[in-house]
Amino acid sequence: MSVGFIGAGRLAMAMAKGFIRAGAVPAENIFASAPDNLVGRAELRNIKELGIQVTHSNTALVSQSDVVFLAIKANVVKNVLEEISPFVTQRHLFVTPMAGITIKSVEESLPEETRVIRMMPNTPLVVGEGATVYARGEHATKHDAETVEVLLSNVGWCFEGKEEYMDAVTGLSGSGPAYVFLSIDALATGGVKMGLSRQESLRVAAETIQAAARRVLETGAHPSMLKDEVCSNNSLGQSALAAIHKMEKGGLDTKLLKRSRERGGFRALLMDAVEAGEDRTKELRRMGEVKNHVED
């Protein structure tokens, strides 16, 4: 099997690395094309370091590839499809990762019965941890789906869904990393406010979110149940309860909500939660010190 990427940017680079690293596709069977301009030439220089073959000709790439990933921007897809259409045959499978570009629009720009699969990846794919949903076009077969799953499993996790849900998937997994990065930044900033270094806070926040996500996946438990495990009746649980109460109070109290919005909304709530957790921990420590003093 040979794989081609029309477009040689970060997405193509990440997938090519994953395919080669896993031995799914040999480097010599992977091709990439990009325009003959400053950006295109730079992208091809970078991706060529993987040992794959590069070209400025999209038509040459299609002629050499079995599976073609349209790793391009939506504003150029129409022109690219018109360019390559005369070179498309029954052996080709096209995979489109472009947000908002439907399977039908791609099919209508290529010869009849062209096999098309639409996928929605997310940026963690660049470190082999992507979460990708894909949908088959009218002519794509079960074997085509299996081929895509084999390829994408080398750069993360994937499953087949319905195209009608792709916009929702874009909002969830496609945009989701941005929400998580915001959470990490907010938690880390809360830590800095409490006296930790920026580097320490970022590492602790990122490791915490990664571990919590792994716990959800490994246990299959509802996040609310896992939250209750943390919010137990010990000192750690008391700290977490105080932090969550602060967040929920900020979401219900109009004065606090207005203040949090002025300071950054969701980000401010998480920062306040970190502070509330620390305050409760100090309070519990003082209570323990008083109790010990009384007993003495």
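This text goes with the structure placed above it.
Residues numbered from 1 in each chain as written. Predicted model: local features only at pLDDT ≥ 70, side-chain atom pairs only at ≥ 80, totals over all residues. Heavy atoms only, no water.

**Topic: the sheet that holds strand β5 (residues 93-96)**
Spelled out, the test is: Between any two strands, pairing holds if DSSP finds at least two bridges. Labels follow the DSSP assignment, with helices taken as runs of H or I lasting at least four residues and strands as runs of E lasting at least two, numbered in each case from the N terminus. Lines are fitted to the C-alpha atoms to define the axes, a helix being fitted only along its stretch in contact, and any angle between axes, read from their N-to-C directions, falls within 0 to 180 degrees.
One open sheet holds the eight strands; their spatial order is β3-β2-β1-β4-β5-β6-β7-β8, and the pairing between them is mixed. With partners counted over all chains shown, the strands left at the sheet margins are β3 (53-55) and β8 (156-160), one partner each. If you compare each strand with its neighbour and ignore which way they point, the axes differ by 20° on average. Bridging between strand β1 (residues 3-6) and strand β2 (residues 30-33) involves four bridges; their strand directions are parallel. Residue pairing for β2: Ile 6 is matched across the bridge by Ser 33.

**Here we look at helix α4 (residues 77-84)**
Note the threshold: For every residue, the accessible area obtained with a 1.4 Å probe (protein chains only) is divided by the maximum for its type, and the residue is called buried under 20%, exposed over 50%, and partly exposed between those limits. Directions pointing from the helix axis toward each C-beta atom define the arc. In this analysis, two residues are considered to be in contact whenever any of their non-hydrogen atoms come within 4.5 Å of each other.
Along α4, the positions that sit buried rather than exposed are Val 77, Val 80, Leu 81 and Ile 84. Seen from one end, α4 has its buried residues packed into an arc of 95°, which puts them on one side. What points out from α4, more than 90 degrees from its buried face, is the exposed set Lys 78 and Asn 79. Those residues of α4 hidden inside the fold are in contact with β1, α3 (58-64), β4 (67-70), β5 and α5 (103-109).

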